[in-house]
Amino acid sequence: MSFARDAATHAYYDARAGEYDEWYEGEGRFADRDRPGWSAEVEELVRVVDALPSGRTLDVACGTAFLTQHLQGFAVGLDQSPSMVALAQERLPDGLALTGDALALPFADRAFDRVLTAHFYGHLVPEERTAFLAEAARVASELIVIDSAPREDRPLEGWEQRILNDGSEHKVFKRFLTPETILEELGEAGGTGETLYEGRWFSAVRATLWTNAPSVD
Ligand SMILES: C[S@@+](CC[C@H](N)C(=O)[O-])C[C@H]1O[C@@H](n2cnc3c(N)ncnc32)[C@H](O)[C@@H]1O
């Protein structure tokens, strides 16, 4: 069971790149979805990202940089999908977008002030979560996680069917997370944090990761 190292999942997101923002913007296949308050919450998320203090931020699994583009300071977006990265670079004229593996980040220890990841953490299976959190703690001391909040019409976790505009069908692993759950998991990985946003559709937290903190002896 895999998400971040699954070739079919990688191909699915690469194929989805050009239509990905329809999910955020309620267009195309998402125009008919009954999602009360969705657009207002997307705007809230943008505000959360925009309000983060300026710094060197790495957005892991940045997708089209829909959120990344609102970061203050130097932003780097990393994604496995070349098509996503091409779109992200257009949105980051003063930043950088590159292809790479979220579970083996191509950066030196402490290269960033912060790692941000949106709608990626909740897709990871347990061993991928462990690998991702270790990498995040290696390259930065702060982690922002943005993800989908629990919904009454979906199980908290499971395999979801996804259909692209060309009619092709795909499956991805997905969890729906409250800020409390994310913070609890980050706590188990050695972090301490706070809720940045708790909505009907989205959850966002900030945590300090201590894995690489200097020892006090
Ligand atoms: C649901 S999208 C999230 C995109 C964006 N962060 C957002 O919130 O709109 C998940 C992203 O994870 C990327 N991804 C999957 N596995 C990856 C990996 N091992 N390394 C980097 N990116 C990966 C996919 O290409 C896709 O763009």
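Scroll up to find the structure.
A short tour of the structure in this document, coming up. (Residues numbered from 1 in each chain as written. Predicted model: local features only at pLDDT ≥ 70, side-chain atom pairs only at ≥ 80, totals over all residues. Heavy atoms only, no water.)

### Re the sheet that holds strand 9 (residues 202-209)
Taken in spatial order, the seven strands line up as 3-2-1-4-5-9-8 in an open sheet, and their pairing is mixed. Every other strand in the sheet has two partners, leaving strand 3 (96-99) and strand 8 (191-198) as the edge strands with one partner each. On average, each strand axis in the sheet is tilted by 20 degrees relative to the strand beside it, whichever way the strands run. For strand 1 (residues 55-60) and strand 4 (residues 114-118), the ladder comprises four bridges, and the chain directions are parallel. Residue pairing in the sheet places T57 in a bridge with R114 of strand 4. (Pairing = 2+ DSSP bridges. Helix = DSSP H or I, 4+ residues; strand = E, 2+ residues; numbered from the N terminus. Axes fitted to C-alpha atoms, helices over the stretch in contact; angles between N-to-C directions.)

### Overview of helix 6 (residues 179-188)
Among all positions of helix 6, only P179, I182, E185 and L186 are buried. Looking straight down helix 6, one finds its buried side chains confined to an arc of 130 degrees; they lie on one side. Exposed residues lying more than 90 degrees from the buried face of helix 6 are E184 and E188. G190 sits one or two positions beyond helix 6 and adopts a positive phi of about 100 degrees. (Buried < 20%, exposed > 50% of the residue type's maximum accessible area, 1.4 Å probe, protein only. Arc of directions from axis to C-beta.)

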